[in-house]
Amino acid sequence: MPRRTLILGATSAIAAEVAALCAARGDRLYLIGRDARKLQDLVASLGGAVVGHETADLNAFAAAAARVQRAIDALGGLDRALIAHGDLGDQARSEHDFDHARAIIDTNFVSAVSLLLPLANHFEAQGRGHLAAITSVAGERGRPRNYTYGASKRALSCYLEGLRSRLYATGVRVHDFKLGPVETPMSAGHPKNFLWGEKRAVARGIVRAMERRWHTIYLPRSWRVVMAIVRVLPECVFQRFGFLAGR
Ligand SMILES: NC(=O)c1ccc[n+]([C@@H]2O[C@H](COP(=O)([O-])OP(=O)(O)OC[C@H]3O[C@@H](n4cnc5c(N)ncnc54)[C@H](OP(=O)(O)O)[C@@H]3O)[C@@H](O)[C@H]2O)c1
């Protein structure tokens, strides 16, 4: 029986790679993305693996439950769901413009919750399934460079953690993919270093982790060690390092 997989934010560079890997191993896919042209191109590239697709702004929260149900109906059930969309936003603008700060939080957190609710209830009722979302190492420690985005991803990680405990006994697995910087349109123009990830390798890590039921996964993997150190640095030490506490 092929796995039935829903990808939300499917036009993201990383999600498109995940979709390609899932299609190659025989999954049946339902894809939801905001950019109609990118979504059409992706669907065309994946051929018969795509059972259905939908163009949607996922910040239209009121439509989330119906959207999820349409995907479940089209796939004839659901085994896996990945929430991949996100918005880094403009940190400096978010410090003066509440509407912009709120848009970042809505995209990364509130819209994810609007989707996790119906997905979690569906998986709980069927007693199995994999529910995953992409968060960020930016959520591990607030930094001037991206703390509005980081706070929204941290809120999502906390929500996923609670959901994981709620569903643990049912056999439903909840995955949190904490990504370090990856070369995609979101990070275009950012200065790179050896810790950066490559989108296909990160996508492979996502697919593999869902197979193995790992729940909290840093990708690239080296970020687990980096963040273990960064998380425990005392504030007085943290503030001394410009590359951590500076812009
Ligand atoms: N790249 C990194 O360095 C990095 C690091 C840590 C975490 N992440 C996370 O990884 C995930 C994938 O990002 P990416 O790196 O692949 O970047 P990306 O290619 O820029 O993907 C971001 C996607 O989010 C979609 N999106 C934003 N707001 C949306 C909305 N309201 N409704 C529907 N879709 C919306 C965008 O849609 P459009 O196609 O319409 O623009 C875009 O496809 C995100 O959750 C991001 O926060 C990325």
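Keep in mind that what you see is a predicted model, and the values were worked out from it rather than measured.

Participant: Can you tell me about the nonpolar core, naming the residues and giving the values?
Facilitator: With 32 residues, the main nonpolar core has I7, L29, L31, L82, F177 and I206 as its most contacted residues. Of all the elements in the fold, those that place two or more residues in this core are α1 (13-24), β2 (28-33), α2 (36-46), β5 (130-136), β6 (173-179), α7 (199-212) and β7 (216-219). When residues in this core are grouped by element, the largest group, 7 residues, is from α1. Among residues more than four places away in sequence, those in contact with L29 are T5, I7, A19, C22, A23, L46, A49, V50, V51, G52 and L75. L6, F123, A133 and V174 belong to the second largest nonpolar core, which has 28 residues in total.

Participant: So what's going on with the environment of V226? Residues and values would help.
Facilitator: Relative to the elements of secondary structure, V226 occurs in helix α8 (residues 223-232). Along the primary structure V226 and L195 are separated by 31 residues, whereas in three dimensions their C-alpha atoms are 9.5 Å apart.

Participant: Give me helix α3 (residues 64-75): which residues, what numbers.
Facilitator: Counted at 1.5 Å a residue, the expected span for α3 with its 12 residues is 16 Å, and the 17 Å between its end C-alpha atoms agrees. What α3 keeps buried is the set A64, R67, V68, A71, I72 and L75. In a view along the axis of α3, the buried residues occupy a sector of 135°, so they form one face of it. Taken together, the buried residues of α3 touch β1 (4-8), β2, β3 (50-55) and α5 (98-126). Positioned one or two residues after α3, G76 has a phi angle of 70°, which is positive.

Participant: Can you lay out the site of the ligand for me, pointing to particular residues and giving the numbers?
Facilitator: The ligand sits among 28 residues. The nearest are K38, L58, Y149, V182 and T184. Measuring from an oxygen atom of the ligand, one finds a backbone N or O atom of G86 at 3.2 Å. For the ligand, an oxygen atom lies 3.4 Å from a polar atom in the backbone of M186. Contact with the protein chains hides 91% of the accessible area of the ligand, taken as 880 Å² for the molecule alone. When residues of the shell around the ligand are traced back to their parent elements, those giving at least two are α1, β5 and α6 (147-167). Broken down by element, the shell around the ligand gets its largest block of residues, 3 residues, from β5. Classifying every residue of the shell around the ligand by side-chain character gives 12 nonpolar, 11 polar and 5 charged.

Participant: I'd like to hear about the packing of aromatic side chains, residue by residue, with values.
Facilitator: Taken as a whole and judged by the stated rule, the model has 2 aromatic pairs. Between F109 and Y159 the ring centres are 6.3 Å apart and the planes differ by 75°, which places this aromatic pair in the edge-to-face class. Note that F109 is positioned in helix α5 and Y159 in helix α6, a separation of 50 residues in sequence. According to the relative accessible area criterion, Y159 is partly exposed, its value standing at 25%. Between F241 and F243, the aromatic rings sit 5.5 Å apart at their centres with planes inclined by 55°, giving tilted as the arrangement. Overall, F241 belongs to the partly exposed group, its relative accessible area being 34%. Just above the ring of Y168 sits the side chain of R173; from NZ or CZ to the centre is 4.9 Å. Over the aromatic face of W196 sits the side chain of K192, whose NZ or CZ is 4.9 Å from the ring centroid.

Participant: Report on α8, specifying residues and quantitative values.
Facilitator: Turning to α8, its buried residues are W223, M227 and V230. Buried positions in α8, seen along its axis, are confined to an arc of 60° and lie on one side of it. In α8, the exposed positions that point more than 90 degrees away from the buried face belong to V225 and V232. Of the surrounding elements, those touching the buried residues of α8 are β7, α9 (235-238) and α10 (242-245).

Participant: Residues and numbers for unusual backbone geometry, please.
Facilitator: A cis amide bond links L219 to the next residue, P220, at an omega of -10°. The residue P220 is located in the loop between β7 and α8 in this model.

Rules used throughout
- Residues numbered from 1 in each chain as written.
- Predicted model: local features only at pLDDT ≥ 70, side-chain atom pairs only at ≥ 80, totals over all residues.
- Heavy atoms only, no water.
- Core = buried A, V, L, I, M, F, W, Y, C linked by side-chain atoms within 4.5 Å.
- Buried < 20%, exposed > 50% of the residue type's maximum accessible area, 1.4 Å probe, protein only.
- Helix = DSSP H or I, 4+ residues; strand = E, 2+ residues; numbered from the N terminus.
- Contact = heavy atoms within 4.5 Å.
- Expected span 1.5 Å × (residues − 1).
- Arc of directions from axis to C-beta.
- Near = heavy atom within 4 Å.
- Polar contact = N/O pair within 3.5 Å; in protein donor to acceptor, adjacent residues only side chain to side chain.
- Areas by Shrake-Rupley, 256 points an atom, 1.4 Å probe, with all protein chains shown as cover.
- Nonpolar A, V, L, I, M, F, W, Y, C, P; charged D, E, K, R; others polar.
- Phe/Tyr/Trp six-rings, centres within 6.5 Å; stacked < 30°, edge-to-face > 60°.
- Lys NZ or Arg CZ within 6 Å of the ring centre and 35° of its normal.

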